[in-house]
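Here are the chains, one letter per residue:
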Amino acid sequence: MSNSDSLVEEVIERNPQEKHLSDYRPSDYTISTIDLEFDLFDHQTKVQAISQVQRVSKEVTPLFLFGEALNLVSILVDDVDYTDFELVKDGIVINHLPTSFKLEINTEIDPAKNHAFEGLYKSGDAFCTQCEAEGFRRITYYLDRPDVLAKFSTKVIADKTLYPYLLSNGNQVDQGDLDAGRHFVSWVDPFPKPAYLFALVAGDFDLVEDNFITKSGRDVKLAIFVDKGNLDKTQHAMLSLKKSMQWDEERFNLEYDLDIYMIVAVDFFNMGAMENKGLNVFNSKFVLANQQSATDQDYLGVEAVIGHEYFHNWTGNRITCRDWFQLSLKEGLTVFRDQEFSSDLGSRSVNRIANVMTMRDHQFAEDAGPMSHPIRPESVMEMNNFYTLTVYEKGSEVIRMLHTLLGEEKFQKGMQLYVQRHDGQAVTCDDFVAAMQDASEIDLTLFKRWYSQSGTPQVFVTDHYDSVNQTYQITFKQKTLPTADQKKKLPLHIPIDIELLDSNGNSLELLEGKKNRVLSLTQKEQTFVFKHILSKPVPCLFRGFSAPVKYQYAYTDEQLLDIMSFASDEFSRWDAGQTLFNKYLVKNVKALQSGGALSLPEIFIDGFKSVLVSETLDPSLVADMFAFTSENGARELFEQVDIDAIHNARDFMLKEIATKLHELFVDTYLRHNQLKAYQPNIDDIAKRKLKNSALSFIARVDKKVADEYVLAQIASCNNMTDYLGALNAANSGLLPCRAAVMQAFDDKWFENGLVMDKWFVLQASMPSDNVLDNIDALFNHRSFDFNNPNRLRSLVGAFAQTNTYRFHHVDGSGYAFLTDQLIKLNSQNPQVASRLITPLIQFKNLDQVRIKLIKAELNRLLALPDLAVDLYEKVTKALAQ
Ligand code: B3K
Ligand code: ZN
């Protein structure tokens, strides 16, 4: 046994074990109401919790309540002091209780010292909470599990001058002044909820208000709270909220249920936002936007996240999860809903492409890595580690496949049945699929396997055309490779949306006047035969990415170009371009490895030329056609990953494209660079996107012209998208003006952390060998704050996630740098540390030199005496590979 093996065993012993889905048992006790009172102080907040508790199990068992980092002051049962309890590692065990009783627990907590940002903490000057998944137990001892639903009332007491706004879930029922300059506000939430949806906020904010009349005529007050001085950045968030409310009524027939909907934007937040009932807490990144400070992508991000949290009100809050293994029940479904919202409001294909890029660049790697898990995981050590791309994005793809198989009408029937059956309950993914099956009368038995099987299926496609009988036969073979968590794989129900193009590029009619047809691949291997086909067609496969799989078909260049020009599905056109690019990437990587010459044929350039000159294609789609597979995504194309060869081959190809199409890029740039009043609408967003993409290609070949364009664009632009587009070209092209324009941006924006995040991202992704020295120096930058998760993600996260070539430098400096930061973060904010570690644990296909370097760093983490369970889970799984 090597040293590292024995270390793994020693650490396993002192660390917590996994929890299993199969061990689920309903709670022995329920809580019908909980009345909370908070007396807020930075370091000594007093929390009183009075619950009505009932035993539901037949057996008389002690009551176990979760609790973490709490100071217990007193316990009373039916108003009498109670001492028959034991404090244990994760909570408290209370013995010899009656069947039904009133339980009062008084605790003290220290919000100002809480840098993990879980439970009650301070974000700047404000108090706020984050309870999902298991943060409520840092507020008081409680049955902190999603299947215990109670009615909450909350009284918040605080200094009136410092905290004029005291907020919690539900409706405000009382308020008043108290002694010593303090005041209180009381809230009642009429809807029973699990503790993870509890929220409290106290602070001094600017407030913007509006209202929304629901379709049944109820007048809902809308309120957005932001840090003082930010009112001019709230308009888009409010508009997005109103659009979300309307869309959910129109498309899903779901209406809001409380009298008020509040959103609070805070600067210190571990993730994007949180759907607490009636009181969403948001990372300010997903609220604040105006044309000076936010890019078009930020605008779209605000709209999507506001929508996502709002949609949770039904898919998550009214109907919640029985246990955390069911997380995708609410997350996969709500991501699907927010994707549909964005697609209905904007461009469907552009949204689809963005979602698929995330799947291919990141989720596929997760599915093949040490943390591989099905969308409904079967075992979990730290729940926060399972808010993953698999649960969210692949979870949404699974819902989308259901939608593809059922069609909109039956899918909506299934949704209605789901709501009707389970409103007010905590349920499972099986319950959801059962509602879909019962409403549609489509058998989903096999389909359910998507919930329990991890890994990305591979689909191999071959075909045969019989000119005598005029039949076209197409064969699909599916295979899922073993993953870290699961050796044995079974065939899945894979919907394949297909279109056939004839030699003139026309789509063949496949089904009652339709150009496409959805085939159900349910076996390991299956053949489908199309009759009356007059000539050998080009198959256009997995239209709209109809299943989250990797597929292979031996396309010729000409066939791919046909699909790029003629497919009726815009996603398929884009996908054919990606496939063509990937084909030559693989070829050029091989050439580099064998000392051959790099090449990119004329036919490739010509194909993309026609995309660039097209008068009919959406400019946003054109820009996406030129957003070629990233270095990260490219790793999925190889069994053995050669970091340097991928980088060099890809660089060569992009330079080749930029050179051969230079004049057209200049022309495209100038054509779309016509200044006018800024509008974040889809047409203008598309034009800016294409223009700035063209500018980066120009910067690859003609530094002088690019320099001029960049400087002129910065001097004349009236919005952040164009400012950042110019800066990005200067940074990625290492243009002569780079240092000056970066400095000017810093001088202009250094007081605005959110804006500076964009600048930190650019610094971290600079394609230069001394990028790490730069980053090291930036830890002392006037706008940087190691405690702020947004800053960390922008500088450390962006480097490790997007600067693939430098992060994986064979001298190991990137790995050591990331590990140093994780060590600093481990005790302070393990949740953020655990997110940042991702690129360090996905190393299976790298070369031996790099694997050895990475393992040394992971062992350095493992040797920490206080390694947080979040990191422990990932590090041990990675080392076990
Ligand atoms: N439900 C929250 C995520 C909570 C993450 C806890 N570590 C946000 C969302 O998905 O809408
Ligand atoms: Zn969510």
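In every chain, residue numbers begin from 1 and rise along the written sequence. Each chain gets a letter, beginning with A, and each ligand a number, beginning with 1, in the order they are written. pLDDT decides what is reported in this predicted model: residues at 70 or higher carry local features, side-chain atom pairs at 80 or more are listed and counted, and totals for whole chains, interfaces and linings draw on all residues regardless. Excluded from the side-chain calculations are hydrogens and water; all other atoms, namely the structure's heavy atoms, are used.

### A look at the coordination of the zinc ion (ligand 2)
Basically, it comes down to this: Atoms of type N, O and S within 2.8 Å of a metal are treated as its donors, and for Na, K and Ca the window is 3.2 Å; water is not considered, so some sites may appear to be missing partners. In this text, helices come from DSSP runs of H or I with a minimum length of four residues, and strands from runs of E with a minimum of two, each type numbered from the N-terminal end. Burial classification: accessible surface area is computed with a 1.4 Å probe over protein chains only, and a residue below 20% of its type maximum counts as buried, one above 50% as exposed, and the rest as partly exposed.
Distances from the zinc ion (ligand 2) to its protein donors, namely His-308 (NE2), His-312 (NE2) and Glu-331 (OE), fall within the range 1.9 to 2.1 Å. Donor residues binding the zinc ion (ligand 2) come from one chain and are separated in sequence as H-x3-H-x18-E. Placement of His-308 in helix H3 (residues 296–311) and of Glu-331 in helix H4 (residues 327–345) is noted, with a sequence separation of 23 residues between them. For the pair formed by His-308 and Glu-331, the shared burial category is buried.

### Overview of the site of ligand 1
Quick reminder of the rule: It suffices for a single heavy atom of a residue to lie within 4 Å of a molecule or strand for the residue to be listed as near it. Polar contact criterion, stated in full: a pair of N or O atoms within 3.5 Å, where within protein one must be able to donate a hydrogen and the other to accept it, and residues adjacent in sequence count only if both atoms are side-chain atoms. Here the Shrake-Rupley method, with its probe set to 1.4 Å, supplies the accessible areas, and only the displayed protein chains count as covering residues. By the convention adopted, Pro, Cys, Tyr, Trp, Phe, Met, Ile, Leu, Val and Ala count as nonpolar, Lys, Arg, Asp and Glu as charged, and the other residues, Gly among them, as polar.
In the vicinity of ligand 1, 14 residues are found, and the nearest of them are Glu-132, Glu-275, Glu-309, Asn-384 and Tyr-392. In this structure, an oxygen atom belonging to ligand 1 sits 2.8 Å away from a side-chain N or O atom of Glu-309. Protein chains shield 95% of the accessible area of ligand 1, which is 340 Å² for the free molecule. Of all the secondary structure elements, the ones that give two or more residues to the shell around ligand 1 are strand E20 (273–274), H3 and H4. Residue composition of the shell around ligand 1, by class: 5 nonpolar, 4 polar and 5 charged.

### A word on helix H10 (residues 570–593)
Convention followed: The length a helix should cover is 1.5 Å for every residue beyond the first.
Given a rise of 1.5 Å per residue, 24 residues ought to cover 34 Å, and the 35 Å separating the end C-alpha atoms of H10 matches this to within 8%. Immediately downstream of H10, the backbone of Gly-595 shows phi near 75°, a positive value.

### Here we look at the packing of helix H5 (residues 348–368) against H10
So the rule is basically this: Structural elements are reduced to axes, namely lines fitted to C-alpha atoms, with helices fitted over the stretch in contact, and the angle between N-to-C directions of any two is expressed from 0 to 180 degrees. In what follows, roughly perpendicular refers to angles from 65 to 115 degrees, roughly parallel to angles under 35, roughly antiparallel to angles over 145, and oblique to any angle outside these ranges. Should the near helix be turned anticlockwise from the far one by less than a right angle, the crossing is termed left-handed; should it be turned clockwise, right-handed. For this analysis, residues touch if any pair of their heavy atoms sits within 4.5 Å.
Two elements in contact, H5 and H10, have axes separated by 9 Å at closest approach and are oriented at 40°. In terms of orientation, H5 lies oblique with respect to H10. Like other packed secondary-structure pairs, H5 and H10 cross with a definite hand, here right-handed. Counted together, Ser-349, Arg-352, Ile-353, Val-356, Met-357 and Arg-360 of H5 and Glu-570, Phe-571, Trp-574 and Asp-575 of H10 form the full contact between these two elements. Tallied by class, the residues present in the contact of H5 with H10 amount to 5 nonpolar, 1 polar and 4 charged.

### Some remarks on the packing of aromatic side chains
Formally: Working definition: rings of Phe, Tyr and Trp (its six-membered ring) pair if their centres are within 6.5 Å, and the pair is stacked with planes under 30 degrees apart, edge-to-face with planes over 60 apart, and tilted otherwise. Throughout this description, the term charge over a ring refers to an Arg CZ or Lys NZ atom that lies within 6 Å of the ring centre and within 35 degrees of the ring normal.
Per the counting criterion, the structure on display carries 51 aromatic pairs. Taken together, a centroid distance of 5.1 Å and an interplanar angle of 55° make the contact between Phe-127 and Tyr-163 tilted. Of this pair, Phe-127 sits in strand E11 (residues 126–130) while Tyr-163 sits in the loop between strand E12 (150–159) and strand E13 (165–168); the two residues are 36 residues apart in sequence, bridging distant segments of the chain. A residue is classified by how much of its surface remains accessible, and Tyr-163, at 7% relative accessible area, is buried. Taken together, the ring pairs in this structure connect Trp-759, Phe-760, Phe-779, Phe-784, Phe-786, Phe-799, Phe-807, Tyr-815 and Phe-817 into an aromatic cluster. Cation over ring: Lys-155 sits above Phe-184, and NZ or CZ is 4.7 Å from the ring centre. When the ring centre of Phe-191 is taken as reference, the NZ or CZ atom of Lys-277 above it lies at 4.3 Å.

### Thoughts on the environment of Ile-92
In this structure, Ile-92 sits in strand E8 (residues 91–94). Taking C-alpha positions, Ile-92 is 31 Å from Ile-823, a pair spaced 731 residues apart along the chain.

### Things to note about helix H19 (residues 738–749)
Where we set the bar: In this description, the arc belongs to the directions extending from the helix axis to the C-beta atoms.
With 12 residues, H19 should reach 16 Å at 1.5 Å per residue; the first-to-last C-alpha distance of 17 Å fits that figure. Listed as buried for H19 are Arg-738, Val-741, Met-742, Phe-745, Asp-746 and Trp-749. Summarising the axial view, the buried residues of H19 lie within an arc of 140°, below the 170-degree limit, and thus occupy one face. Away from the buried face of H19 by more than 90 degrees, exposed residues Ala-739, Ala-740 and Lys-748 are located.

### Description of the pairing of strand E5 (residues 71–77)
Put simply, the test is: The rule for pairing is simple: two strands pair if DSSP sees at least two bridges between them.
In the sheet, E5 pairs with strand E9 (residues 100–109) via 6 bridges, with the strands oriented antiparallel. Paired with Ile-75 across the bridge in E9 is Ile-105. Pairing of E5 with strand E6 (residues 80–81) involves 2 bridges; the strand directions are antiparallel. When the bridges of E6 are listed, Leu-76 appears paired with Asp-81. Linkage of E5 to E6, two consecutive antiparallel strands, is achieved through a turn of 2 residues, within which Asp-78 is found at a positive phi near 45°.

### Notes on the nonpolar core
Across soluble globular proteins, nonpolar side chains have a tendency to be buried as a group. Heads up, the condition is: Note on terminology: a nonpolar core comprises buried Ala, Val, Leu, Ile, Met, Phe, Trp, Tyr and Cys residues joined through side-chain atoms within 4.5 Å.
Phe-432, Phe-626, Ile-657 and Leu-858 are the most contacted members of the largest nonpolar core, which has 284 residues in total. For this core, the element with the highest residue contribution is helix H6 (residues 389–422), accounting for 12 residues. Among all residues touching Leu-858, those that are not within four sequence positions of it are Ile-837, Leu-840, Ile-841, Phe-843, Val-875, Ala-878 and Leu-879.

### Details of the side chain of Asp-323
One can find Asp-323 in the loop between strand E22 (320–321) and H4. Only 2.7 Å separates the side chain of Asp-323 from the side chain of Arg-322, close enough to count as a polar contact. Polar contacts involving the side chain of Asp-323 include one to the main-chain amide nitrogen of Phe-325, which spans 3.0 Å. The contacts of Asp-323, once residues within four sequence positions are left out, are Leu-21, Tyr-24 and Pro-146.

### Things to note about the UniProt feature "domain: Peptidase M1 alanyl aminopeptidase Ig-like fold" (unreviewed entry) in the protein
Formally: UniProt positions are given in the numbering used here, feature names are shortened, and annotations may be inferred rather than shown by experiment.
The residues that UniProt annotates with the feature "domain: Peptidase M1 alanyl aminopeptidase Ig-like fold" (unreviewed entry) are residues 455–553. The span residues 455–553 shows a helical share of 0% and a strand share of 44%, and its end C-alpha atoms are spaced 20 Å apart.

### Notes on the pattern of salt bridges
Basically, it comes down to this: In the sections that follow, a salt bridge refers to a side-chain nitrogen of Lys or Arg positioned within 4 Å of a carboxyl oxygen of Asp or Glu.
One pass over the full model with this rule turns up 63 salt bridges. Lys-221 is the partner of Glu-209 in a salt bridge, and the nearest nitrogen-oxygen pair spans 3.2 Å. Residue Glu-209 is found in strand E17 (residues 206–213), and its partner Lys-221 is found in strand E18 (residues 219–226); the two are separated by 12 residues along the sequence. A relative accessible area of 46% places Glu-209 in the partly exposed class. Classification of Lys-221 by relative accessible area gives partly exposed; the value is 40%. A single salt-bridge network, built from bridges that share partners, covers Arg-251, Glu-340, Asp-344, Arg-348, Arg-400 and Glu-408.

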